[in-house]
Amino acid sequence: MGKKKIVMFGILTAALIGVLAGCGKADGQKDDKKLTVWTNMAVEGDTIRKYGDEWGKANGYTVEVIKQSPSVQQFAQAVNSESGPDAVVGIPNDQLANFVNAGLAAQTPADLYQDADFSNAAIQACYVEGNRYAAPLAVETIALFYNTEKVSKVPDTWEELIETASGNGGVQFDATSIYYDLGFVRACGGYIFKYEDGAYDVNDVGLANEGAVEAYEFIYSLYKDYGYVSADVTADIARSNFQNGETAFYIGGPWDIDGFQSAGTPYDICVMPTFHGENFVTPVGTQVSFVSSKSDKQDMAWDFIMYLIDNGAIDMYQAGARIPAKLSDQENETIQSDPASKVFIEQSGCGEPMPTVSEMGQLWTIHTNNIRSMWTGELTPKAAAENIVAQLKESVELMNSGK
């Protein structure tokens, strides 16, 4: 072989080796030792990065944590890029089903964690169509705030609450929202979508059965007979009136505490009174974490998520006051020393998540509009309930017709 041919052969061989060495990062493939994590959590971002660094050093990885509130479309476009996410940490559970239905969320490994280690509501929030797609990170719910200068005895029942509130400022909350009305409906035997064996039946809507109608009749009485609620009493108005000492009771969440403390409102918190002889079921919002079905590092992504849950829950609580979903963490002295957190933990035990289905998004406006029509006298409570169900089923059918 001539000298010129040998040189050319060497150049071609070197080029070929370079191409082969570059395989794995071509075609948008990602760094094998890097995890990209999106998070919807703002104040906890630095804490997540801290545990990302810890886990990364122990496992030879770099963890990049990016503040991002992902939409399904945005996520779908990003996962195929070199800088796309391997996992999402901390997203409201009512958004999870959208990612599952789009084929973007991976099922959790069967041995990733034990359901019994977490609160029931938090676990229920991680299941879609009977399969588990997420790990629960933190929970939040609502409870009853009361003005300690107006209320001397905490009511055990809604009947006692109404009596105490009468002539004493009343009770206010956004009663047009199913978020606040759920407890009345559930106590009477109503439900949104039937839930069984880890799955919701979106064709079985329980918002117009006999119990649900009874619940709406009570909500109607809060407007007609007592004047406590109306279409003008939004969540913001109710919060402001309680903060200013105008009302005796208010239904709210941990997000209200800073405002009341800053305003010097004399208040305390207790679990929701029973209604209709049953526990008052409040919606438990769960921050969940999931792994991209498109990631080639799914096992490592799940490993980081569980490291954060197992080791960072208390630090995250201290950063953003989010109550850990893990039962053993809820017993931590730091959390138990805070009376408000203890109340919200107890109330969460009586709660359930809003249905983890995409169809849930169709209910919010329908419910609000029909409750307002009930208060104006345009609809009776029974007619409002029937209207809610009919409109919801129609919206769900239209939504699913395009699938």
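Keep in mind that this is a model prediction, so the values were computed, not measured.

Now for the layout of surface pockets. The space that makes up the largest pocket amounts to roughly 590 Å³. In terms of lining residues, the largest pocket is bounded by 30 residues, among which V139, E140, P254, W255 and R322 are the most central. Looking at the lining of the largest pocket, the elements with two or more residues in it are β6 (135-140), α10 (257-263), β13 (285-291), α11 (298-320) and α14 (339-348). Looking at the lining of the largest pocket residue by residue, the classes come out as 17 nonpolar, seven polar and six charged.

This paragraph deals with the pairing of strand β1 (residues 34-39). Within a regular strand, the side chains alternate between the two sheet faces. Taking burial as the measure, the six residues of β1 include five buried ones, the bulk of the element. Once the chain exits β1 it traverses helix α2 (residues 45-59) before rejoining the sheet at strand β2 (residues 62-67), and the crossover so formed is right-handed. Judged from the three bridges that link them, β1 and strand β3 (residues 87-92) form a sheet pairing that is parallel. Across the sheet, the residue bridging to V37 is A87, located in β3.

Our next topic: the nonpolar core. Core analysis: the biggest nonpolar cluster contains 68 residues, and F145, I269 and F290 have the highest contact counts within it. It is α11 that provides the largest number of residues to this core, a total of 10 residues. In this structure, Y200, A235, A248 and M354 belong to the second largest nonpolar core, which totals 58 residues.

Once that is clear, we can look at the pattern of salt bridges. For the coordinates displayed, the defined rule picks out 13 salt bridges. For D296, the salt bridge identified is with K297, shortest N-O distance 3.4 Å. We classify D296 as exposed; its relative accessible area is 54%. The buried category is assigned to K297, whose relative accessible area is 7%. With a shortest N-O distance of 2.4 Å, E386 and K382 are connected by a salt bridge. Highlighted residues: E386 and K382, both in helix α16 (residues 381-401), separated by four residues, approximately one helical turn. What makes E386 partly exposed here is its relative accessible area of 40%.

Helix α15 (residues 363-376) packs onto helix α8 (residues 210-224) with a crossing angle of 55° between their chain directions and a minimal axis gap of 10 Å. By the criterion of interaxial angle, the relationship of α8 to α15 is oblique. In the packing of α8 onto α15, the handedness of the crossing is right-handed. Here Y216, I219, Y220 and Y223 of α8 lie close against α15, whose contacting residues are H367, I371, M374 and W375. Tallied by class, residues from the contact of α8 with α15 come to seven nonpolar, one polar and no charged.

The next thing to look at is the sheet that holds strand β7 (residues 143-147). The strand order across the open sheet formed by four strands is β8-β11-β7-β12, and the pairing between neighbours is mixed. Taken across any chain shown, the strands that pair with only one partner, and hence form the sheet edges, are β8 (171-172) and β12 (267-270). Where β7 and β12 come together, four bridges link them in antiparallel fashion. The residue of β12 that forms the bridge with N147 is Y267. The strands that α14 touches are β7, β11 (249-252) and β12; relative to β12, the one it contacts most, it runs at about 30°.

What follows is about helix α7 (residues 178-187). Note on helix geometry: an α-helix contains 3.6 residues per turn, so any two residues three or four positions apart are oriented the same way. Across the 10 residues that make up α7, a large majority, nine, are buried. At its buried positions, α7 is contacted by α6 (158-165), β9 (191-196), α8, α9 (235-243), β11 and α15. Of the residues that open α7, the one with a side-chain oxygen 3.1 Å from the backbone nitrogen of Y179 is S177. Positive phi shows up at G189, right after α7, with a value of about 100°.

Pairing is mixed across the open sheet formed by six strands, whose spatial order is β2-β1-β3-β13-β6-β14. In this open sheet, the two strands that pair with only one neighbour each are β2 and β14 (323-324). Against the sheet, α2 touches β1, β2 and β3, its axis set at about 165° to β2.

Considered for burial, the residues of α9 that qualify are A235, A238, N241 and F242. The arc that holds every buried residue of α9, seen down its axis, measures 135°, which confines them to one face. Residue G245 follows α9 closely and has a positive phi angle near 80°.

It is worth spelling out the side chain of S230 at this point. Note that S230 resides in the loop between α8 and α9. Take S230: its relative accessible area is 18%, and that puts it in the buried class. Discounting residues that sit within four places of it in the chain, S230 has contacts with Y223 and W375.

Once that is clear, we can look at empty space enclosed by the protein. In the structure shown here, the tally under the stated rule is one cavity of 30 Å³ or more. The computed volume of the largest cavity comes to approximately 50 Å³. Counting only elements with at least two residues in the lining of the largest cavity, the list comes to β6 and α11. A breakdown of the residues in the lining of the largest cavity according to their chemical character gives six nonpolar, no polar and one charged.

Conventions we followed
Residues numbered from 1 in each chain as written. Predicted model: local features only at pLDDT ≥ 70, side-chain atom pairs only at ≥ 80, totals over all residues. Heavy atoms only, no water. 1 Å grid on protein atoms, 1.4 Å probe; cavity = no way out; pocket = protein on both sides within 12 Å on 5 of 7 lines; lining within 4 Å. Points joined across faces, edges and corners; volume = space filled by probe spheres on them. Helix = DSSP H or I, 4+ residues; strand = E, 2+ residues; numbered from the N terminus. Nonpolar A, V, L, I, M, F, W, Y, C, P; charged D, E, K, R; others polar. Buried < 20%, exposed > 50% of the residue type's maximum accessible area, 1.4 Å probe, protein only. Right-handed = clockwise from strand over helix to strand, strands pointing away. Pairing = 2+ DSSP bridges. Core = buried A, V, L, I, M, F, W, Y, C linked by side-chain atoms within 4.5 Å. Salt bridge = Lys/Arg side-chain N within 4 Å of Asp/Glu carboxyl O. Axes fitted to C-alpha atoms, helices over the stretch in contact; angles between N-to-C directions. Parallel < 35°, antiparallel > 145°, perpendicular 65-115°, else oblique. Left-handed = near helix turned anticlockwise from the far one by under 90°. Contact = heavy atoms within 4.5 Å. Polar contact = N/O pair within 3.5 Å; in protein donor to acceptor, adjacent residues only side chain to side chain. Arc of directions from axis to C-beta.

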